[in-house]
Amino acid sequence: MMGLLSSRAFETGCRIEIEQSPDRFHAHVKLDGNIPIYPGDRVQVHGAPVMVSFGEKVTFNRSATVRRAGLLRRAWTKFAGHFEMAELYEVSFNPGRL
């Protein structure tokens, strides 16, 4: 059973796709076995940094460490996430000041 503050970590493989083109600019990591990631969890991909030139798309495999959040971190992340999302609502496209 996961404790209030404790976390557990495990290693897994992952597939990384990076593209930088006129139509797309993204970097995606897919963990082997479709491991779900929950609020507060951390994923660290191992290996040297990758540089992708404009117009290039690369896909490769690496290993990653998944560190599960404890109950307190998971609850805090969910709670704080609601306020982060609310900041998006404060954007206005009207000219001038409110």
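Keep in mind that what you see is a predicted model, and the values were worked out from it rather than measured.

Peer 1: Give me the lowdown on the overall build of the protein, citing residues and values where you can.
Peer 2: Secondary structure summary: the protein contains 1 helix and 4 strands in total. Reading the protein from its N terminus to its C terminus gives the helix and strand order β-β-β-β-α. Here the protein, with 98 residues, has 21% of them falling under the buried criterion. Counting only contacts in the protein whose residues sit at least 6 apart along the sequence, the fraction spanning at least 24 positions is 67%. When the accessible surface of the protein is split by element, carbon and sulfur atoms take 57% of a total near 8,000 Å².

Peer 1: Give me the lowdown on the sheet that holds strand β2 (residues 25-31), citing residues and values where you can.
Peer 2: Overall, antiparallel pairing links the 4 strands, which are arranged β2-β1-β4-β3 in an open sheet. The two strands at the open ends of the sheet, each matched to only one other strand, are β2 and β3 (42-45). Adjacent strand axes in the sheet meet at a mean angle of 35° when their direction is disregarded. In this structure, β3 lies alongside strand β4 (residues 56-67), joined through 4 bridges in antiparallel fashion. Directly across from V43, in β4, lies its bridge partner V66.

Peer 1: Can you break down the pattern of salt bridges residue by residue, with the values?
Peer 2: With the rule as written, the count across this model stands at 2 salt bridges. With a closest N to O distance of 2.6 Å, D41 and R68 form a salt bridge. Separated by 27 residues along the polypeptide, D41 in the loop between β2 and β3 and R68 in the loop between β4 and α1 (71-89) bring together distant segments of the chain. In this structure R68 comes out as buried when scored by relative accessible area, which is 8%. As a salt-bridge pair, R74 and D41 come within 3.2 Å of each other at their nearest N and O atoms. Of the two residues, R74 is situated in helix α1 and D41 in the loop between β2 and β3; the sequence distance between them amounts to 33 residues.

What counts, and at which threshold
- Residues numbered from 1 in each chain as written.
- Predicted model: local features only at pLDDT ≥ 70, side-chain atom pairs only at ≥ 80, totals over all residues.
- Heavy atoms only, no water.
- Helix = DSSP H or I, 4+ residues; strand = E, 2+ residues; numbered from the N terminus.
- Buried < 20%, exposed > 50% of the residue type's maximum accessible area, 1.4 Å probe, protein only.
- Contact = heavy atoms within 4.5 Å.
- Areas by Shrake-Rupley, 256 points an atom, 1.4 Å probe, with all protein chains shown as cover.
- Pairing = 2+ DSSP bridges.
- Axes fitted to C-alpha atoms, helices over the stretch in contact; angles between N-to-C directions.
- Salt bridge = Lys/Arg side-chain N within 4 Å of Asp/Glu carboxyl O.

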